[in-house]
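# Per-entry structural report
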Amino acid sequence: MSALDVNVTRKIGEFDLDVTFSVESGISVLFGPSGAGKSLTLALIAGLLRPDTGTILINDSVVTDCANDMYVSTQERRIGMVFQDGLLLPHRSVLDNVALAVRQTSGRQARRAVARTWLERVGAEQFADRRPGSLSGGQRQRVALARGLAGEPALVLLDEPLSALDSAVRRELRTLIREVILSSGVPAVLVTHDGEEAEELGDVVIAYNDGRVTGVRMVELPEDAAPQPESPDGGASQ
Amino acid sequence: MTGLIPHSWLNSVGIPPWVWNPLAISLHAACEATLIVAVVGITLGYILAKGHFPGRGAIETVLSLPMALPPTVVGYYLLTRMGGPGPIRTAELHLFGHPLTFTFTGIVIAQIVESFPYCLRFSRAAISNVDPRFEQAARAMGLSRWRTALLVTLPLARRGIVAGVAMAFGRTLGDFGATMIISGSVPMATTMPIALYNAVFFGSHEQAMVLAFVQLGVAFVILFGVTRLGKVRAW
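Residues numbered from 1 in each chain as written. Chains lettered and ligands numbered in written order. Predicted model: local features only at pLDDT ≥ 70, side-chain atom pairs only at ≥ 80, totals over all residues.

Check the secondary structure of chain A and you find six helices and 11 strands. In terms of C-alpha radius of gyration, chain A reaches 17 Å, essentially the compact-globule figure of 18 Å for 238 residues. C-alpha atoms of chain A, sized along the principal axes, occupy 45 × 35 × 35 Å. Taken across its 238 residues, chain A has 44% of its residues classed as buried. Sequence-distant contacts in chain A: of pairs separated by 6 or more residues, those separated by 24 or more amount to 68%. (Helix = DSSP H or I, 4+ residues; strand = E, 2+ residues; numbered from the N terminus. Rg over C-alpha atoms; globule rule 2.2 N^0.38 Å. Buried ≥ 20, exposed ≤ 12 C-beta atoms within 10 Å, placed from the backbone. Contact = placed C-beta atoms within 7 Å.)

The next subject is the pairing of strand S10 (residues 204-209) of chain A. Residue and element names in this part refer to chain A. Here strand S3 (residues 27-31) pairs with S10 via four bridges, running parallel. When the sheet's bridge partners are listed, Ser28 is paired in S10 with Val204. The sheet contact formed by S10 and strand S11 (residues 212-218) spans six bridges and is antiparallel. The residue of S11 that forms the bridge with Val204 is Met218. Here S10 folds back onto S11, and the loop between the two strands holds two residues, one of which, Asp210, carries a positive phi near 50°. (Pairing = 2+ DSSP bridges.)

For the rest of this paragraph, the subject is the interface of chain B and chain A. Contacts between the two partners involve 15 residues from chain B and, on the opposite side, 17 residues from chain A. Elements with a contribution of two residues or more to the side of chain B that touches chain A: helix H7 (132-140) and helix H8 (145-156) of chain B. Residue composition of the side of chain B that touches chain A, by class: 10 nonpolar, three polar and two charged. (Nonpolar A, V, L, I, M, F, W, Y, C, P; charged D, E, K, R; others polar.)

Okay, the sheet that holds S11 of chain A next. Residue and element names in this part refer to chain A. One open sheet accounts for six strands, arranged S7-S8-S9-S3-S10-S11; its pairing is mixed. A strand with exactly one partner marks an edge of an open sheet, and here the two such strands are strand S7 (79-82) and S11. In this sheet, neighbouring strand axes are inclined to one another by 20° on average, regardless of whether the strands run parallel or antiparallel. As paired elements, S3 and strand S9 (residues 188-192) share five bridges and run parallel to each other. Looking at S9, one finds that Val29 is bridged to Leu190. Each of S7 and strand S8 (155-159) touches helix H4 (residues 137-150); the most contacted strand, S7, lies at about 170° to it. (Axes fitted to C-alpha atoms, helices over the stretch in contact; angles between N-to-C directions.)

All names here are of chain A. Domain assignment breaks chain A into domain 1 (1-78 + 154-238) and domain 2 (87-152). On a C-alpha basis, the centres of domain 1 and domain 2 stand 22 Å from each other. The partner domain 2 presents 13 residues to the 15 residues of domain 1 that form the contact. (Domains from an automatic or database assignment.)

Attention now goes to the nonpolar core. Among the nonpolar cores identified, the biggest contains 120 residues, and Val98, Ala146, Val156, Leu157 and Val189 of chain A together with Cys119 of chain B are the most heavily contacted of them. Broken down by element, the residue count for this core peaks at 13 residues, all from helix H6 (residues 104-128) of chain B. Counting contributing residues, this core receives three or more from each of domain 1 (1-78 + 154-238) and domain 2 (87-152) of chain A. With sequence-adjacent residues up to four places away left out, Val156 of chain A is seen in contact with Ile79, Gly80, Val82, Gly148, Leu149, Ile181, Val186 and Ala188 of chain A. (Core = buried A, V, L, I, M, F, W, Y, C linked by C-beta atoms within 7 Å.)

Now the structure itself:
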């Protein structure tokens, strides 16, 4: 079963996106220069934009089918998103930012408990009561990662999550992102134009150039580099 | 509001009826008008900022006209529409049993029309300026359009919205032209600006000085408070 199947076209001005690829479990990296259409592809997968033609399937369920005019709304696609600058809500605490994304339980306290678990997993539990404005860039991205995963999404999309950070923090967060995503068992699509980042984070690298997929390559990883999936409470996932 | 505090108490603390009555009418009308303006203005501001439908610009322009018109023109149109024959007067008679000209409700309506554009335009601008990616992130988290609006968009636009409501409130407190025409300075609809005008007109300069100073103080206190409200829990 594919976690994600994309076969879409979209024209914006002179730019013409026409891509087809499939994603399995693990982290798939869309890698290419700026303006290649990587972030546009994420927006189409998330349902923030509609393709001109084609289909998108998440876990073999059709979420976009242009021929049949079928579009599942963004909030019903069960995706998590991590943006370049975090986009944490400045008027809510860190804990409430993450709790807002929790869908699998109702009630404020229950959602906050799940959110706290995710903050612990990304090493940000000590910031729970702070406002995002008081955090550093790296701390904000940890929280953004927790928020992206807290809703038990079917797929998590990361749009250049490290590009606004300095190199030391980037290295630290690469390890964290890979560990947390792989241990969660949620398939991820990550966009980057940094070759080192693509190699270090991805299980599969999908190369982009000028709106086209120019190659797909598996990344060789050491045996011990892939943590085993586990649920937020520490148990094994399905 | 005039009935909330006994006149004997007001007299004992030295607030004469010629100050308290117009002040109470002004504050009462301003609060009612601003409440209605805030609810409708913010909602419409959101629709105009987020909606994609033809005629948005025309709607905003028409609703903003009172901003650019002399208040007496607004008052004149209200007087002729509400006081003259036609569907509006028929509706007034049907709903209230009497025309709304020269009544307290009449001045509330005049102040709504006068102040509405400020709330609408400030709210629309503030909501338009919210980074849409915050809303996209919220939608991706599973929030509905309504929850996204309430939990994300409006809080992020809060400062502009509060400024708009404050401007609208200030406009209602300070309105003279439209209120004067629609109320005709009858006692139950005499606001502070009209009381000041009457005091000057009838040569009561001491009363005029006091009324002007009270309006200055009230406007400062309320607008300062509203401004502070917009700054609390800054991020």
